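These are the residues of each chain, in order.
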Amino acid sequence: MDVSQAVKQRISTRAFLDKPIGKSEVRDWLDRAQRAPSGGNLQPWRVIVVAGEEKQAVIDLAQKTLASNPRGEPTDRPIYPADLWEPHKSRRFRVGEMMYAELGIPREDKAARLQWFARNYRFFDAPLGVFFIIDERMGHGQWAHTGMYMQTLALLAEERGWGTCMQECWGILRQTLHDHFKLGPTEMVYCGMAVGWPDKDHPVNKLYAERATVDEVAELKGF
């Protein structure tokens, strides 16, 4: 597989096979991702990978926390800006509608949509859950570098036949996860990632999100 193919076929995988990934495979995957770009070679990321009973403990903790507080915990780093503007607002709405169309869940069936969304906090039944940890003292540049690391992991996963789903939804459980993982006083969970073997027959994995054209996002000057 070349890089172009990996980039083109990568999707947010939201249904996985009941097939484990071994510890040695995970270590090799993480080792290869250490070549991700990093300004000043700070390598500001840290990861916690959970599987088996450790993953189930996180799932149980999320269920318990969200049962008492469905909106999650307050954070000064929200997933989206409070007043999202165009064209970003429409793009977000559109991909949600595309996903629920693949699942056959109409807009008026709020209960079914919420039930599906709750699967985020089970990692969509993936065998691995990955949490990305960053020190709050880092600047915006280091957040970008952590994103480059996440993308590197996602593309290396494609090469192995795995699927991934970036999960910023875990951001509403930052304090609970901080305590659970016994993070340092200035460390925080940025987001999560579900990782595993994709269920290619599940309708949700037929979703191939639309992207803006090059003309919408780029200016080419001096050519």
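Reading the values: rules and limits
- Residues numbered from 1 in each chain as written.
- Predicted model: local features only at pLDDT ≥ 70, side-chain atom pairs only at ≥ 80, totals over all residues.
- Heavy atoms only, no water.
- Helix = DSSP H or I, 4+ residues; strand = E, 2+ residues; numbered from the N terminus.
- Rg over C-alpha atoms; globule rule 2.2 N^0.38 Å.
- Buried < 20%, exposed > 50% of the residue type's maximum accessible area, 1.4 Å probe, protein only.
- Contact = heavy atoms within 4.5 Å.
- Areas by Shrake-Rupley, 256 points an atom, 1.4 Å probe, with all protein chains shown as cover.
- Core = buried A, V, L, I, M, F, W, Y, C linked by side-chain atoms within 4.5 Å.
- Phe/Tyr/Trp six-rings, centres within 6.5 Å; stacked < 30°, edge-to-face > 60°.
- Lys NZ or Arg CZ within 6 Å of the ring centre and 35° of its normal.
- Pairing = 2+ DSSP bridges.

What follows concerns the overall build of the chain. Scanning the chain from N- to C-terminus turns up eight helices and four strands. Each helix and strand of the chain, ordered N terminal to C terminal, gives the series α-α-β-α-α-α-β-α-β-α-β-α. Over its C-alpha atoms the chain spans a radius of gyration of 18 Å, differing by no more than 12% from the 17 Å that the globule rule assigns to 223 residues. Burial statistics for the chain: of 223 residues in total, 42% are counted as buried. Long-range pairs, those at least 24 residues apart, make up 82% of the contacts in the chain between residues at least 6 apart in sequence. Roughly 13500 Å² of accessible area belongs to the chain as shown, and the carbon and sulfur atoms make up 52% of that amount.

Counting residues in hydrophobic clusters, the biggest one holds 33 residues, and the most contacted among them are F123, F131 and W170. Mapped by element, the contributors of at least two residues to this core are strand 1 (46–50), helix 3 (52–68), helix 4 (88–103), helix 5 (110–117), strand 2 (128–135) and strand 4 (187–196). Ignoring anything within four residues of it in the chain, the contact list for W170 reads V58, A62, N120, Y121, F123, F131, L177 and G192. Membership of the second largest hydrophobic core comes to 24 residues, among which are W29, L30, F132 and L156.

According to the stated counting rule, one finds twelve aromatic pairs in the structure shown. For the pair F123 and W170, a centre-to-centre distance of 4.9 Å together with 25 degrees between the ring planes defines the contact as stacked. Of this pair, F123 sits in the loop between helix 5 and strand 2 while W170 sits in the loop between strand 3 (163–167) and helix 7 (174–180); the two residues are 47 residues apart in sequence, bridging distant segments of the chain. In this structure F123 comes out as buried when scored by relative accessible area, which is 0%. Overall, the relative accessible area of 0% leaves W170 in the buried class. For the pair F131 and F181, a centre-to-centre distance of 5.3 Å together with 55 degrees between the ring planes defines the contact as tilted. Of this pair, F131 sits in strand 2 while F181 sits in the loop between helix 7 and strand 4, and the two are 50 residues apart along the sequence. Given the relative accessible area of 0%, F131 is considered buried. By relative accessible area, which is 16% here, F181 ends up buried. Every member of this aromatic cluster is reached through a ring pair, and the members are F117, Y121, F123, F131, W170 and F181. Over the ring of W197 we find K19, and its NZ or CZ is 3.9 Å from the ring centre.

This part is about the pairing of strand 2. Regular strands show a simple pattern: their side chains alternate between the two faces of the sheet. The buried count for strand 2 comes to eight of eight residues, which makes it a mostly enclosed element. Of the two faces of strand 2, the one lined by L128, V130, F132 and I134 and the one lined by G129, F131, I133 and D135 are each fully buried. Where strand 1 and strand 2 come together, five bridges link them in antiparallel fashion. Bridge pairing in strand 2 places V47 opposite F132. Relative to strand 4, strand 2 runs antiparallel, the two being bridged by eight bridges. By the bridge assignment, L128 is partnered in strand 4 with V195.

To continue, consider the side chain of T65. By secondary structure assignment, the location of T65 is in helix 3. According to the relative accessible area criterion, T65 is buried, its value standing at 13%. Ignoring sequence-local partners within four residues, the contact set of T65 consists of E73, L173 and T176.

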